[in-house]
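# Coordinates in review
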Amino acid sequence: MIKRLTTYIAVAASLVLGACSEETLRPDVPDAGGEEGVRVSIAIPDMPRLATRAFGDTPAADLKLTVFEFEKGSDPTNTFLTKIYQAETLTQTNVANGATVDFRINDLLMTESPRVLHFVVAPQHLDAKYASEAVVFSNLSVRDNSQAYWGRVEFPNGYGTVDKNMKPQLTDEAKQKLTGVNVLRNFAKVSVEVAATATANFQLTGFELVNVPTSGTVAPYNSGRQEFPQMFDDAGTMLGYLAVAGNGSGQQGYSGIMPANCGFRNLEENFSPVADGGRPAWSTRDAYLYEHPFESTRRTYVILQGNYRPTTTDAWQTCYYKIDLVRLNEESGMTEYYDILRNYDFHINVTGVSAPGASTASEAISGVSYNNISADVDARDMLQISDGANIVEVSKTNIIFTNTTPVEFLYRYSPVGGFSSETTNAKLHTNGLNAGDVIASVTAPEVYTDADGVVWVKRVITPKPIPEAGTREQSFYVVDADGLGREIRLVAHVPYDYSDIEVYPGSENGRPTSAAGQGTVSPLSGQPFTVYFNLPAGMPEAMFPLTFILESNRQNMENNPIGTLVVTSGQTGFPTTEVYEVPRIKYRKTVSYAEYLYKTDANNNLITDGAGNYVENTDHTVRCRFRTINSLAELPGAPTQTVTYLLISNDYFNCTGENTQAAVPTWPGVATFTRTR
């Protein structure tokens, strides 16, 4: 399941006024680290799934930011490079969804002249010779599974001016444009799943891509139109493929770009798949590749490996199927090949297999694509979906019930660049939003206007009694008149329970095998400790990512910078009558489905074994790293020993009770640790 990636890379930049001054710009408020600088947020969007007929999504560790500055001309062929800035990386870049990464740019020269900035996040700082945008970004590339993220922002009035006291001042326009800069991955994804309708006679055991580019440009450039394609709408949503592509029906005619002398691997003439980029050969895991405009003599396609049986009484046999990445042009009725464009997920959903495939991969490659295996579009897990002309948006794509409390569900329609209204929302209808395995009842559609004046359709869903054991699931769809829509999945399950909640001193990568030191933490300040807890097996993928809130009753801990916790605040979650000052400091721990299934190393990367396979997280252990923020000796009248209660809460888990702080808590979701001096 592809997840909404809301990772933000925040750039703290010290800007220097150029030409007329060498003074350093001093913003009104220092950043969180106490450094004075201008913050720039860079948003990495989701990869929209695309229909096909029958690198990881998140940034890697230790990426670096390079900012390329150009003097703006009339088009990319006469917009010339002026300076390259290498940003300082302040925190790790392989962050969980919703987290932030900090960089600092020094000596960005301020100017009132028109400028263009290109933001490139890659494994190392990049360089380029003096040239135009068109030349630089037609040639600037990475290779061998190195990922890059790119964004471009125009500043027709430069970045700043001077105030009435002749001090450097960042303009409001520049502040706005340096907030939420959308950046694109320079790679695409191919993913495969087998629908329940096909599992009776087909089991997917792996797949491979054929004719895969070994290098990719960091930026998209349309040389035919001498422009960088616009791949986001005004709301910052990734445009649908047809609004960008150049295979006959795209509004912008962009067909992709490859570096000069780009090589290929897994060529059909000498096809021999091996482990690549951490992905084992013949794996069912998602595959990643650089951009590849369609070439009739060397197109990229997919070979599926699986087990097939005609009926349930027959023996399974290993077969191979050749799947082209194509779409049906509904206007012409013709099948068209996709151009493999960056930041899109070309998703194959096998919905049926009616005959055996080839007996070897080589036979499948030399043969024709199989018409006896069918595949459909699947574009789940984006709150918005667009085909370039229309947008359908829903308030959630997964609804989890652990009690019978009704849930409000909102949806709306908008034309691209337009707005949602009661009239346009009438274009939408639902399929399957009625009583079923999970739903007991649902209210009739009603008009709902939110606090921002946006008009939605509101439905209130009441679930059936929660099952005493097992999980119930149900799906429904919201679609417009042209078939553009979203699938919403519902899950009903009794509240889950944590297990093996333990606290250990230090910041070990995995739960210690010895109980030595368990439950004890240093009495000094700034000392690391780690909280471990296990999640139950069999949790549905639809529930992830899961976010847990951790709070200590003594407010005596902070995030360990080597971890992935994010600070938050609010009223206490402890079941107590004691009155605390608001806000209480808490910490958010987000767990992805991959982290639920597989172990992570000290830098929060998924661990692989010698064969390139991910190491299973068999106990589904979650790790939360903290450190102390006070010393017992510094607390007036502090006892020689204190006990801290740490509450772990999540709406889908048992984590509350009736006990007060006066007694040892017995409610679920509480860890304790002792500090002694």
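Positions within a chain are numbered from 1, following the residues in the order the chain's sequence is written. At least 70 in pLDDT is required for a residue's local features to be given in this predicted model, at least 80 for side-chain atom pairs to be given and counted, and no such filter applies to totals for whole chains, interfaces and linings, which use all residues. In computing side-chain properties, one takes all heavy atoms of the structure into account and sets aside hydrogens as well as water.

### Describing the overall build of the chain
What counts here: Helix and strand assignments come from DSSP, with helices taken as H or I runs of at least 4 residues and strands as E runs of at least 2, each series counted from the N terminus. Partly exposed residues are those whose accessible area sits between 20% and 50% of the maximum for their type, while under 20% is buried and over 50% is exposed, using a 1.4 Å probe and protein chains only. Surface accessibility follows the Shrake-Rupley procedure with a 1.4 Å probe radius. Residue values consider only the protein chains on display as shielding.
Secondary structure summary: the chain contains 5 helices and 45 strands in total. A total of 677 residues make up the chain; the buried ones form 51% of that total. Counting every atom, the chain has about 29,200 Å² of accessible surface; 48% of that belongs to carbon and sulfur.

### Focus on the nonpolar core
The condition that has to hold: Here the nonpolar core consists of buried residues drawn from Ala, Val, Leu, Ile, Met, Phe, Trp, Tyr and Cys, with membership extended through side-chain atoms lying within 4.5 Å. Working rule for contacts: check all heavy atoms of both residues, and any pair within 4.5 Å makes them a contact.
By size, the foremost hydrophobic cluster in this structure holds 56 residues, and its most contacted members are F137, V218 and V302. Those residues within four positions of V302 in sequence are excluded, and the remaining contacts are V190, F207, E208, L209, Y321, K322, I323, L325 and I348. Core analysis: the next-biggest nonpolar cluster, separate from the first, contains 32 residues, F529, F544, V591 and F626 among them.

### Side note on unusual backbone geometry
Although it is not a glycine, N145 sits at a positive phi angle of roughly 70°. Looking at where N145 falls in the secondary structure, it is placed in the loop between β9 (141-143) and β10 (149-155). What makes N145 partly exposed here is its relative accessible area of 29%. In this structure, N266 takes a positive phi of about 55° despite not being glycine. Tracing the backbone shows N266 in the loop between β19 (264-265) and β20 (287-290). The class of N266 is buried, set by a relative accessible area of 12%.

### Digging into the pairing of strand β4 (residues 64-71)
Stated precisely, the cut-off is as follows: Pairing between two strands requires that DSSP report at least two bridges joining them.
A large share of β4 lies buried, amounting to 6 of its 8 residues. Pairing between β4 and strand β8 (residues 115-122): 8 bridges, direction antiparallel. The residue of β8 that forms the bridge with F68 is H118. The pairing of β4 with strand β5 (residues 80-86) spans 6 bridges and is classified as antiparallel. By the bridge assignment, F70 is partnered in β5 with L81.

### Description of the environment of R554
As for its position among the elements, R554 is in the loop between β39 (546-552) and β40 (557-559). Residues R554 and Y645, spaced 91 residues apart in sequence, show a C-alpha to C-alpha distance of 7.6 Å. What R554 contacts, discounting residues up to four positions off in sequence, is T642, V643 and T644.

### Things to note about the sheet that holds strand β41 (residues 566-570)
Inclusion rule: Only the stretch in contact is used when a helix axis is fitted, and all axes are lines through C-alpha atoms; the angle between N-to-C directions ranges over 0 to 180 degrees.
Strand order in the open sheet formed by 5 strands is β41-β42-β39-β44-β45, with antiparallel pairing between adjacent strands. The outermost strands of the open sheet, each flanked by one partner alone, are β41 and β45 (670-676). Pairwise comparison of adjacent strand axes, ignoring direction, gives a mean angle of 30° for this sheet. Here β39 runs beside strand β42 (residues 584-591); their pairing, made up of 5 bridges, is antiparallel. Its bridge partner being in β42, L546 is matched across the sheet by V591.

### Structural notes on the sheet that holds strand β36 (residues 485-492)
With mixed pairing, 4 strands are arranged side by side in an open sheet as β29-β36-β35-β31. Where the open sheet ends on each side, the last strands, each with one partner, are β29 (398-401) and β31 (429-431). In this sheet, neighbouring strand axes are inclined to one another by 20° on average, regardless of whether the strands run parallel or antiparallel. Taken together, the 4 bridges between β29 and β36 define a ladder with parallel strand orientation. Following the sheet pairing, I399 is matched in β36 by L490.

### Side note on the pairing of β39
Counting buried residues along β39, 5 of its 7 residues qualify, which places the element largely inside the surrounding structure. Pairing of β39 with strand β44 (residues 641-649), which is carried by 4 bridges, proceeds in the antiparallel orientation. By the bridge assignment, L550 is partnered in β44 with I648.

### Quick notes on the pattern of salt bridges
Rules: By definition, a salt bridge exists where a carboxyl oxygen of Asp or Glu is found within 4 Å of a side-chain nitrogen of Lys or Arg.
For the structure shown, the criterion picks out 16 salt bridges. One salt bridge in this structure joins R279 and E208, with 3.6 Å as the shortest N-O distance. Within this pair, whereas R279 is found in the loop between β19 and β20, its partner E208 is found in strand β16 (residues 202-210), the two being separated by 71 residues in sequence. Assigned by exposure class, R279 and E208 land together as buried. For D324, the salt bridge is made with R299, and the minimal N-O distance between the two is 2.7 Å. Of this pair, D324 sits in strand β22 (residues 317-324) while R299 sits in the loop between β20 and β21 (301-308), and the two are 25 residues apart along the sequence. We note that D324, like R299, is buried. Connected through shared salt-bridge partners, K72, E133, R152 and E154 make up one network.

### Some details on the packing of aromatic side chains
Inclusion rule: Between rings of Phe, Tyr and Trp, where Trp is taken as its six-membered ring, a pair exists when centres lie within 6.5 Å; planes separated by under 30 degrees are stacked, by over 60 edge-to-face, and by other angles tilted.
Enumeration according to the criterion identifies 30 aromatic pairs in this entry. Measuring from centroid to centroid gives 5.7 Å for F202 and Y321, while their planes differ by 85°, and the two rings are edge-to-face. Taken together, the residues F202 in strand β16 and Y321 in strand β22 connect sequence positions 119 residues apart. Among the residues examined, F202 registers a relative accessible area of 1% and is labelled buried. Measuring from centroid to centroid gives 4.8 Å for Y241 and Y338, while their planes differ by 85°, and the two rings are edge-to-face. On the criterion of sequence distance, the pair formed by Y241 in the loop between β18 (215-217) and β19 and Y338 in the loop between β24 (334-337) and β25 (345-353) is long-range, its members being 97 residues apart. Taken as a pair, Y241 and Y338 share a single burial class, namely buried. Pairwise contacts between aromatic rings join F68, F70, F137, W150, Y221 and F228 into one cluster.

### What about the confidence of the model for the chain?
The cut-off we apply is this: Each residue carries a pLDDT score, the predictor's own confidence in it, on a scale running from 0 to 100.
With 79% of its residues at a pLDDT of 70 or more, the chain has an overall mean of 79. When the criterion is pLDDT under 50, residues 1-34 qualifies, and its contacts beyond four places in sequence or with other chains add up to 115 contacts.

### Here's the deal with the side chain of R489
Filter applied, for reference: Two N or O atoms form a polar contact when they lie within 3.5 Å of each other; inside protein one atom must be a possible hydrogen donor and the other a possible acceptor, and for residues adjacent in sequence the pair counts only when both atoms belong to side chains.
Tracing the backbone through its elements, the reader meets R489 in strand β36. Here R489 falls in the buried class, since its relative accessible area comes to 10%. Of note is the side chain of R489, whose polar atom sits 3.3 Å from the side chain of N398.

### Let's talk about the environment of V615
Inspection of the secondary structure assignment puts V615 in the loop between α5 (593-597) and β43 (621-628). Expressed as a C-alpha distance, the spacing of V615 and K599, which sit 16 residues apart in the sequence, is 5.8 Å. Setting aside residues up to four positions removed in sequence, V615 forms contacts with L597, Y598, K599, I607, T608 and D609.

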